[in-house]
Amino acid sequence: MSILTKNSITGYQMPALGYTASALEPVISKATIEYHYGKHLQTYIDNLNKLIEGSEYEKLTLREIVRQAPEGPLLNNAGQVLNHTLYFEQFTPFAPANNRPEGALSSAIRFDFGNFDTLKKKMEETAGALFGSGWVWLAQNEGGKLDIVRCHNGDNPIRRGLTPLYGIDVWEHAYYLDYQNRRAEHVKQLWNIVDWEMIESRMDI
Ligand code: MN
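Residues numbered from 1 in each chain as written. Predicted model: local features only at pLDDT ≥ 70, side-chain atom pairs only at ≥ 80, totals over all residues. Heavy atoms only, no water.

S.K.: For this particular structure, what's the right way to read the pairing of strand β5 (residues 163–169)?
M.R.: Put simply, side chains in a regular strand alternate between the two faces of the sheet. With respect to burial, β5 is a largely interior element, 6 of its 7 residues being buried. Relative to β5, strand β3 (residues 134–140) is paired through 6 bridges, and the arrangement is antiparallel. Note on β5: the bridge partner recorded for Q140 is T163. (Buried < 20%, exposed > 50% of the residue type's maximum accessible area, 1.4 Å probe, protein only. Helix = DSSP H or I, 4+ residues; strand = E, 2+ residues; numbered from the N terminus. Pairing = 2+ DSSP bridges.)

Pasting the structure below:
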């Protein structure tokens, strides 16, 4: 998580975006990036900084806070800072036409799901079935096995000892400006902008 930094005086800083706000169009619009990154993530970061100020959590890393915080405002905001930092870092405007994982990640997907199309279908179904707000993750367990994990609200797979690899945000704020109620179409379009090298770099291999 190289793009998230913490300043000892002002706390967590907004992670830098690796692309301009309009660079992911038409999959994700400039307006959605401006609200989702510019306003929603900024609010989670501001809340997290307020909640940890002067507390025992100030000395912990973000991942330690997400693992240890009890359910409530601190977990909600720390979890969403971690979720969104991973989320905005995992897309690229430079994905090739037939965008798909390669190398060790491709091998692991074949081993655990049979093929990439099956993984996509299962993640799309899981995202479609998640009621309310939350996330669907491709995650890896300690033994290296890949699995699809549902998380409600601001939860993250690291609370279950799993490594989050690729996350789909199914909160309505992630897609409503561009797709209104068509969540399934949004989730399908995202495959076109996934930075699979970034996802593979999150694996333990
Ligand atoms: Mn979001």
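S.K.: What exactly am I supposed to notice about the coordination of the manganese ion here?
M.R.: Tetrahedral coordination by four donors puts the ideal angle at the metal at 109.5 degrees, and octahedral coordination by six puts it at 90 or 180 degrees. Coordination of the manganese ion by the protein is provided by H36 (NE2), H84 (NE2), D169 (OD) and H173 (NE2), with metal-donor distances spanning 1.9 to 2.1 Å. For the manganese ion, the single-chain donor residues occur in sequence as H-x47-H-x84-D-x3-H. One end of the pair, H36, is in helix α1 (residues 30–52); the other, D169, is in strand β5, and 133 residues separate them in sequence. Both residues of the pair, H36 and D169, count as buried. (Donors = N, O, S within 2.8 Å, 3.2 Å for Na, K, Ca; no water.)

S.K.: Would you take a moment to explain the packing of helix α5 (residues 116–129) against helix α7 (residues 183–190) for this structure?
M.R.: A pair of packed helices is characterised by two quantities: the angle between their axes and the separation of those axes. The N-to-C vectors of α5 and α7 enclose an angle of 150°; their axes lie 10 Å apart at closest approach. Helix-helix and strand crossings are classified by hand; for α5 and α7 the assignment is right-handed. Counted together, E124, A127 and G128 of α5 and R183, V187 and K188 of α7 form the full contact between these two elements. The class makeup of the residues in the contact of α5 with α7 is 2 nonpolar, 1 polar and 3 charged. (Axes fitted to C-alpha atoms, helices over the stretch in contact; angles between N-to-C directions. Left-handed = near helix turned anticlockwise from the far one by under 90°. Contact = heavy atoms within 4.5 Å. Nonpolar A, V, L, I, M, F, W, Y, C, P; charged D, E, K, R; others polar.)

S.K.: I keep staring at the sheet that holds β5 and nothing clicks. Help me out?
M.R.: Strands pair in a sheet through their backbones, by hydrogen bonds, and they do so in one of two ways: parallel or antiparallel. The strand order β4-β3-β5 describes an open sheet built from 3 strands, whose pairing is antiparallel. Only two strands of the sheet have a single partner each, and these edge strands are β4 (146–152) and β5. In this sheet, adjacent strand axes meet at a mean angle of 25° when their direction is disregarded. Of the strand pairs in this sheet, β3 and β4 are connected by 7 bridges, and their pairing is antiparallel. What sits directly across from L138, in β4, is I148. Contacting β3 and β5, helix α3 (residues 73–89) crosses the sheet at an angle of about 65° to β3.

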